[in-house]
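Fold and contact review
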Amino acid sequence: MASALVLLTVYFGESSSGGLHGVQRGVMTVLSPIQEGASRALKPVRDLAGWVGDTFRAKGDVQDLRRENAALRRQAISGTDAVRQNQELRKLLALDQAVGLAAAAPVAARVIGQSPTVWYSRIFIDKGTGAGIRVGQPVVTGDGLIGQVTTAAANSAVVTLVTDPEIAVPARTSTTGVPGVIQVAAAGSDDLLLDYTTRRDRLERGMNIVTAGTMSTSDRLLSAYPPGIPIGRVTRVEDPGTDSQKVHVRPFADLRRLEIVQVLTQRVNGNRP
Amino acid sequence: MILDVRQLAWRMILLGGACVIVQIAAISQVTIFGAHVDLTPIVVAFAGLLCGSLAGAVFGFGVGLFLDLALVQPVGMTALLFLALGYAAGRLRELRDPQSAVVPVAVAAAATAGAEIGFSVMSFLLGRDAPVGFDLLGEIVVTILLNAAVAIPVHGVVRRWLSRALPEDPRRRRRRAYTTGGLSPLSRP
């Protein structure tokens, strides 16, 4: 017990370059090939369990999809809304291309592990400093932003997801440009909040939220995230039109089932729009 | 058969290492009803239940430390928690020695609840400022239920793996002697 308490005290007393942090990086380096092998070997088991889970979830989704289908049908009849949505999606796609992910030198990596505790939303990837990955770099999937690199060893790295309380992402709505900061609503959930909005900001269900990028002209306040990367969609707004409105956002990416991710290793134009 | 400490130590090291790697590399990525099975606290509790409080506490400390290092969490946090879990399960065996078939299920549920609640309390004490909602409570409850559901097979594997290094339980030997027939002292000529 004394050993555990001493370790805790030393861990919190030292900097990130300290001895125990170094041991953690060393363990990561040694463990990642084993973890990768185990991850590959156990993939069929994961897939089978995932299929069972999907079946249960699909039953629950049917009603939601029916409601969404009815809403979309109404929009298609009226026409204009569908056109607007189409334009919005095209704009998002164009924005995605305009972000220039290729210029950000993305490095593809496989997910080789995930933290089992609800208090730490973290995944482990099979690329590290040897592939140019550094702490602070953003991580995306085809669906959008998922998090940031928080620890990097030689051949592996830890990505802290946007659902972790440690992560805050400068964001804005894709159409109206309302700014805010994306943070998790509660530990252990996939519910995000767009914080720091004002009563003048009109936010509605269905709005898309993207990264804001660097808003400051100062080079000392650069954002870690390039502008325009999709984050999620507004699901509901509590107390709308007030300074304390709570804007709930559901991430586009399925953060509980990640296999391949991309780490953006280069910052282009200081991540300014 | 007497207690083979060296063999028990090696078996515990292999069990702990395999448990942590399988948990991180596979089981944590399988979400069922928004949560996943967490093998580590139940394996620690079962080790304590089978081997006693001292071995359980040492095993819990080792597994917890390995988890802290592998998951890049505050070093010592899970070690402290699992040490207490392993010790408690070992004391249960030493003081009560429960034999019911549902003991693994009850121990797994209690160990998971202890680990989840203990981790939450320690996270707060160590300054991890995270908002808490019903989602977290729901995830903890689902994890407890999932762990209870897998308790019996996991207990079977742990017992089978560790029992080769443990002295045979006299009551089990006696039971087997009666059920196989003719070996009871009363039936001997």
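By convention here, each chain's residues receive numbers from 1 onward along its written sequence. Labels are handed out in written order, letters beginning with A for the chains and numbers beginning with 1 for the ligands. Selection of residues for local features in this predicted model requires a pLDDT of at least 70, selection of side-chain atom pairs for listing and counting requires 80 or more, and totals for whole chains, interfaces and linings are taken over all residues. Derived side-chain values reflect all non-hydrogen atoms in the structure, with water molecules and hydrogen atoms excluded from consideration.

Counted only if it meets this: UniProt positions are given in the numbering used here, feature names are shortened, and annotations may be inferred rather than shown by experiment.
UniProt, in its Subcellular location (unreviewed entry) section for chain B, records the words "Cell membrane".

By the naming in an unreviewed UniProt entry, chain A goes by Cell shape-determining protein MreC and is assigned to freshwater metagenome. As stated in UniProt under Sequence similarities (unreviewed entry), the record for chain A gives "Belongs to the MreC family."

**Points about the UniProt feature "transmembrane region" (unreviewed entry) in chain B**
All names here are of chain B. Put simply, the rule is: Helix and strand assignments follow DSSP, with helices taken as H or I runs no shorter than four residues and strands as E runs no shorter than two, numbered in order from the N terminus.
The sites that UniProt annotates as "transmembrane region" (unreviewed entry) are residues 12–35, 42–65, 71–89, 101–124 and 136–158. Between the first and last C-alpha atoms of residues 42–65 the distance is 16 Å; the span itself is 96% helix and 0% strand. This span, residues 101–124, is 92% helix and 0% strand, and a straight line between its end C-alpha atoms measures 36 Å.

**Observations concerning the pattern of salt bridges**
How we decide: When a carboxyl oxygen of Asp or Glu lies within 4 Å of a side-chain nitrogen of Lys or Arg, that pair is called a salt bridge. When a residue's accessible area, from a 1.4 Å probe over protein chains only, is under 20% of the maximum for its type it is buried; when over 50% it is exposed; and in between it is partly exposed.
Taken as a whole, this structure holds 6 salt bridges over all chains when the rule is applied. For Glu139(B), the salt bridge is made with Arg256(A), and the minimal N-O distance between the two is 3.7 Å. Of this pair, Glu139(B) sits in helix α6 (residues 134–163) while Arg256(A) is found in the loop between β11 (246–251) and β12 (260–264), placing the two residues in two different chains. In this structure Arg256(A) comes out as partly exposed when scored by relative accessible area, which is 21%. Residue Arg91(B) is joined to Glu94(B) by a salt bridge in which the shortest nitrogen-to-oxygen separation is 2.9 Å. Taken as a pair, Arg91(B) and Glu94(B) lie in helix α4 (residues 77–95) at a separation of 3 residues, close to a single helical turn.

**Thoughts on the UniProt feature "domain: Rod shape-determining protein MreC beta-barrel core" (unreviewed entry) in chain A**
Taken from the UniProt record, the annotation "domain: Rod shape-determining protein MreC beta-barrel core" (unreviewed entry) applies to residues 111–264 of chain A. What you have in residues 111–264 of chain A is 0% helix and 42% strand, and the ends, taken at the C-alpha atoms, are 16 Å apart.

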